Amino acid sequence: MALNLDAVGKKIGPVSKDYNWKDVVLYALGVGAGGSDLDYCYEKNLKVIPSFSIAAIFEFLSHYAANANINLAGILHGEQDLIFHQPIPVEGTLTTEGKISHIYDKGDKKGALVIGESDTWHSNGKKLFTSIITLFSRFDGGIGGETAPKETFEYPDRKPDFEIAESPSLDQPLLYRLSGDVFALHVDSEFAKMAGFEKPIMHGLCTYGYSCRALIKCLTPGEPEKVRRLKCRFSRPLYPGDPITIQIWKTEDNKAVWKTINTRTGEEVITNGIFEFGDIPQKEIRFDDQVAVVTGAGGGLGRIYALELAKRGAKVVVNDLGGSRDGSGGGSASAADKVVEEIKAFGGKAIANYDSVSTPDGGAAIIKTALDAFGSIDILINNAGILRDKSFIKMEPENWKTVLDVHLTGAYNVTKPAFQVMREKGFGRIVMTTSAAGLYGNFGQTNYSAAKMGLIGLMNTLKLEGKKYDIKVNTVAPIAASRLTEDILPPELFDKMKPEFVSPLVVYLCSKECDATGNIYNAGMGFYNRAAVVTGAGTTMGDGVNPPSLEDIVDHLDTISSLKNGKVYFELNEQVGDAINAFNAPPPSAGPPETARKISSPAAVFDAMPKAFNADAAKGVDVIFQYHISGDGGGDWNCVIKDGSCNISAGIHGKPICTLKISDTDFVDMINGVLPAMQAYTSGKLKIEGDIMKSQLIEKLFKL
Ligand code: NAI
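Residues numbered from 1 in each chain as written. Predicted model: local features only at pLDDT ≥ 70, side-chain atom pairs only at ≥ 80, totals over all residues. Heavy atoms only, no water.

A.B. asks: What am I meant to see in the site of the ligand here?
C.D. replies: Near the ligand lie 30 residues; those nearest to it are Asp320, Asn383, Tyr448, Ala480 and Ser482. Between the ligand and Ser482 there is a distance of 2.4 Å, counted from an oxygen atom to a side-chain nitrogen or oxygen. The contact in question runs from an oxygen atom of the ligand to an N or O atom on the side chain of Arg483, over 2.9 Å. Summarising the interface, the protein chains cover 95% of the accessible area of the ligand, which totals 820 Å² for the free molecule. Of all elements in the fold, only α7 (300-311), α10 (397-425) and α12 (446-466) reach the threshold of two or more residues within the shell around the ligand. Within the shell around the ligand, the residues separate by chemical class into 11 nonpolar, 15 polar and 4 charged. (Near = heavy atom within 4 Å. Polar contact = N/O pair within 3.5 Å; in protein donor to acceptor, adjacent residues only side chain to side chain. Areas by Shrake-Rupley, 256 points an atom, 1.4 Å probe, with all protein chains shown as cover. Helix = DSSP H or I, 4+ residues; strand = E, 2+ residues; numbered from the N terminus. Nonpolar A, V, L, I, M, F, W, Y, C, P; charged D, E, K, R; others polar.)

Right under this line is the structure:
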C-alpha cells in the first residue's frame, strides 16, 4: 500500500497533553541524569532538559505515520530538529499542531522520507518549541515523488573541543520508554528480530537526550533554558549497554556542531549535529507615541507605573492632588512635580496634573491635560486612592462617601472622558485598581471593600462596551509597601513588597500586546495569579413550572453551593442562557445517548463486522485476516475478504495472510477508539504477523 501523498499540508491536531515535574524527572533519569545532575532530578529548583519536549509530545509523531500511511515495519526516526522559543516550564499542558510538510522519494527499495513539522504551545500561552522530524520509511520507496534536497555537513578539521563519555546502562530503554516511546523495538527481542535487528536497540531519542545533556554541560553549564536549537541525524542503531562519546566543536559564539559515537565500535550513531544556544531574543514592549494617564502617580504604586511607562516611550500625565493618606486637608503639587522631574531626568516625556479624581470636573480636567499636552490618550490607570478605616458600626456617612468618591466614582469621573477619546480612535487600555479587601474582605474596611468591588462591576460592563473598539479593561489587586499599607503590613515584609513587583503586570495590561479583557489579577512580591467570579454547575429542582419549596432548597443546598465544575462567565447573557436552558439539559441519570454506546466484547465486534463492512473500499482486495484474541473474552476469529464480499467466522483459518494478536481488553479499547491502533502496535500490545501492510486496510474496510 503506497504512501498517502495527499496527507502533505493537511493540518494535524491540536493534540494536548498534561505533564508535571515527575514526568520531567522521569525523562531526566531516562537520559542518564542522576546525582551529579540533581538540577534535573530534584523537584526543588527543578530544571528541564530541553530535549524532554520531544518525548513529551511523542504521541503526536504517530499521527504523521498514520496520516502518511507509512508501513510500520520499516519506520525509523531519521532526523530531529528542535527549535526552542521559550524555556520549558516544569509542568502544564502542551498543545501541539502540525502537518506533514513533505514526502520525498529515495527510490525503489531505498525508502521514502516523511517530514513532519509542528509547533507546541504551553498552557501559559507561550509558544515553546518547533519540531521538525524526518521519518525514514524504509519500505515505501519508489512512489515517484520528488527527491529530498541534498544537504552538506562539515565538521572542523581539528580534534573536538569537548568530549563527554557516557555509559547508558543495559536497561536504559526500559527506563526511557516510560517517557512515552513504548515502541516494542526497544524492549521486545522477537519484535526486534522481525524488524531486522539482532536484539532490541536504544531509542535514538534517548541517545539524543544524553547528547543534549553533554552539550549543555560544555556550552551552557547549569542553564538548559539557553538551548535554542538541537538538530541531528540518527545514523546507526546503538545497542543498550554500549558506551558513547559525544564530540563537540564550538564553531561560533553561540553555535556548535556535534556527533555521538559508539565508543566500543567507533561507529557514528548520531551525526550532522547542530547546537545553538544563548539568551532568548526578547521583544521589548514599547509605548512610543502613546499617551498614558496615571492617577495618584505622585507616590507609591502610581509613581512606579508612570516611570516604567515613560522609560518605554509613553508620554505620561502624572496626576496627583498630593493629599494626605485619608484624603483630608488641601493638596500639594510637589508629589506629581517630583515624578515629572524624575521622568524628564532620563529623557522621558511627562506632565503633571493636580486635579482630584473625585469630581466630574476633576476627571475631565485630567484628560484635558493629556489632550492639550500630547493630543490623545491611549492608556489610563485608575490608581488614586485613600483609606478611612473604621469598623462598620463607627462608619459614618462621611467616611463611607469620601472613600467611594475617590476609588469608585473617581474611576468613573476619569474613565468617562478617556473612554470617549478611546472609542473615537479605536484603541484603549484601562486598568482599574481593586484590592484583596474588596475581593475577599478585610475587617474595618467596609467602605474601601465596597468601592474596590464596585470597580470590578465597572470593569465587567465597560469591557463589553469597549470590545468593538479594541478597548481592553482589566483590574489589578496589588500588594505593595506604600503609605497606605505602612501600618497594616508587618515591617519585616516591607522590603519584599516593592511596588516594582506589581508594575510589570500592570504595564503589560496597558500594552498593545495585551489581549485579555475583563480579567482580575493579584500581583505582589513576585507572585501573580488571576482571580475570577466562579459560578458553580448548580442543579435544577422540580419541573421549572412550580417553584420548589424552602425545604427542597435545604435538601439540595450542598449541590447548589458546590463550585465543582464551575464556570467563569464573560457576560450576563451566558449565565442567563444557562438558567433558561437548565431544564433542557439531559438529566444526569439518562446515561449516554444511543449513538455513544460502545462495543463491549470481542464477540460483539465480530458480530457487528458484517454490517460494518464497506464493500466499496474492498474492491480488488483479497485478504484473510486471522485474529487471536487472548483473555477471558477472547478466542479465534477469521475474516475472508474477496471480490467485494466479507465472511467472518469463529476459529482458525488454514492460510491467513495477516495475523493479529491482542488481548480482549486492548482489542475492545482499540475498536472503541480508546487505544489508537498505531499506539497498540508500537507498544507491542498488538502483534501483527504476515503481511503487515494489509492490516492497515482494516480501518477502511470496516466502519465500526
Ligand atoms: P499611595 O497612598 O502611595 O498612593 C495613592 C496616591 O493617590 C497618593 O499619592 C495620593 O496623593 C493620591 N490620591 C489620593 N486621592 C486622590 C485624588 N482624589 N485625586 C488624585 N490623587 C489622589 O498608595 P498606594 O499603595 O500606592 O495605592 C495605589 C492604589 O493601589 C490605591 O488605589 C490603593 O487602594 C490600591 N491598593 C494598594 C495596595 C497596597 O498594598 N499598597 C493594596 C490594594 C490596593
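Now, onward.
A.B. asks: Quick question: what am I supposed to make of the domain arrangement of the chain here?
C.D. replies: Put simply, an interface is often sized by how much accessible area is lost when its parts join up. By the assigned domains, the chain splits into domain 1 (5-141 + 152-277), domain 2 (291-531) and domain 3 (591-701). The centre of domain 2, based on its C-alpha atoms, is set 66 Å off from the matching centre of domain 3. (Domains from an automatic or database assignment.)

A.B. asks: Help me understand the packing of helix α9 (residues 360-374) against α10 in this model?
C.D. replies: In helix packing, the relevant descriptors are the interaxial angle and the interaxial distance, both defined with respect to the helix axes. Running from N to C, α9 and α10 point in directions that differ by 40 degrees, and their axes come no closer than 7 Å. By the angle between their directions, the pair α9 and α10 is classed as oblique. Our pair here, α9 against α10, has a crossing hand that is right-handed. Contacts between α9 and α10 involve Pro360, Gly363, Ala364, Ile366, Ile367 and Leu371 from the first element and Asn413, Val414, Pro417, Ala418 and Val421 from the second. Here the contact of α9 with α10 is composed, by residue class, of 9 nonpolar, 2 polar and no charged. (Axes fitted to C-alpha atoms, helices over the stretch in contact; angles between N-to-C directions. Parallel < 35°, antiparallel > 145°, perpendicular 65-115°, else oblique. Left-handed = near helix turned anticlockwise from the far one by under 90°. Contact = heavy atoms within 4.5 Å.)

A.B. asks: Before we go on, may I ask you to explain helix α1 (residues 21-30) in this structure?
C.D. replies: At 3.6 residues per turn, the α-helix brings residues three or four places apart onto the same side. Among the residues of α1, those classed as buried are Val24, Val25, Tyr27, Ala28 and Gly30. In this fold, the buried residues of α1 make contact with β1 (11-19), α2 (52-56), α4 (172-176) and α6 (204-219). One or two residues past the end of α1 sits Gly32, with phi positive at roughly 90 degrees. (Buried < 20%, exposed > 50% of the residue type's maximum accessible area, 1.4 Å probe, protein only.)

A.B. asks: What's the story with the sheet that holds strand β21 (residues 645-650) in this structure? I'm lost.
C.D. replies: Each strand in a sheet pairs with its neighbour through backbone hydrogen bonds, running either in the same direction (parallel) or in the opposite one (antiparallel). As summarised here, the arrangement of the 5 strands in space is β21-β20-β19-β22-β23, forming an open sheet in which the pairing is mixed. Of all the strands in the sheet, the pair left with one neighbour each is β21 and β23 (687-690). On average, each strand axis in the sheet is inclined to that of its neighbour by 15 degrees, with strand direction left out of account. Two strands pair when backbone bridges link them, and strand β19 (residues 623-630) and strand β22 (residues 658-663) are joined in this way by 6 bridges, in the parallel orientation. (Pairing = 2+ DSSP bridges.)

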